[in-house]
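Structural overview
For reference, the chains in residue letters:
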Amino acid sequence: MLMDYCNGFDLSVLLRTRKRVPQEEARLVIRKMVHGIKDIWKLNIIHRDMKLANILLHFPEHPELGGMTKVDKRAWIAKVDLRTTKFEAKISDFGLSTILDSATQQLSICGTPLYSSPQLLKKRGYSSKVDTWAIGVMLYELLMGVTPFHAYEMKDLISKIN
């Protein structure tokens, strides 16, 4: 699989740079992600590792970003208004994705635990809804600056998510 060039880092960098993303900007980002994930679902593919680091940003009207240093690009990302600047949010890293087969249920645990749905963590049969859950976690994280569930031990994290 080939990936388009994206000149604007990923959403995790955006969040680290800003600490929080205003509601209207977060809404625009999530909307673009939902359009992308729906296209993937039409191909019967579940991503299973949706997280901020796997959403790449591209600003087609700002080719100068490609020549900036990381420091200058971070400064630009910190100030850009996503409400007035044309941007794309592209889903990346399909290494854990799978083709959804209607004859069999998906049971394997994979992905990043902070973004994993209860069905996935309980090893229950799951569907594309695991991606929907992860998008909800990402929305919360963009707005609040932290993920909704925190724990030092995996068993405690799983307990909180369930």
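Refer to the preceding data block for the structure.
What comes next is a walk through the structure.

1. Thoughts on helix α1 (residues 11–18)
Here α1 lies mainly inside the structure; six of its eight residues are buried. Of the residues making up α1, those classed as buried are Leu11, Ser12, Val13, Leu14, Leu15 and Arg18. On its buried face, α1 is in contact with α2 (23–42), β2 (55–58), α3 (70–79) and α5 (129–144). Two residues or fewer after α1 comes Lys19, characterised by a positive phi angle close to 80°.

2. A word on the nonpolar core
If you look at the biggest cluster of nonpolar residues, it comprises 30 residues, and the most contacted ones within it are Leu11, Met33, Met50, Ile55, Phe59 and Phe87. Mapped by element, the contributors of at least two residues to this core are α1, α2, β2, α3, β3 (88–91) and α5. Residue contributions to this core peak at seven residues, all from α2. Ignoring any residue separated from it by four or fewer positions in sequence, one finds Leu11 in contact with Val29, Met33, Leu52, Ile55 and Leu57.

Criteria and cut-off values
- Residues numbered from 1 in each chain as written.
- Predicted model: local features only at pLDDT ≥ 70, side-chain atom pairs only at ≥ 80, totals over all residues.
- Heavy atoms only, no water.
- Buried < 20%, exposed > 50% of the residue type's maximum accessible area, 1.4 Å probe, protein only.
- Helix = DSSP H or I, 4+ residues; strand = E, 2+ residues; numbered from the N terminus.
- Contact = heavy atoms within 4.5 Å.
- Core = buried A, V, L, I, M, F, W, Y, C linked by side-chain atoms within 4.5 Å.

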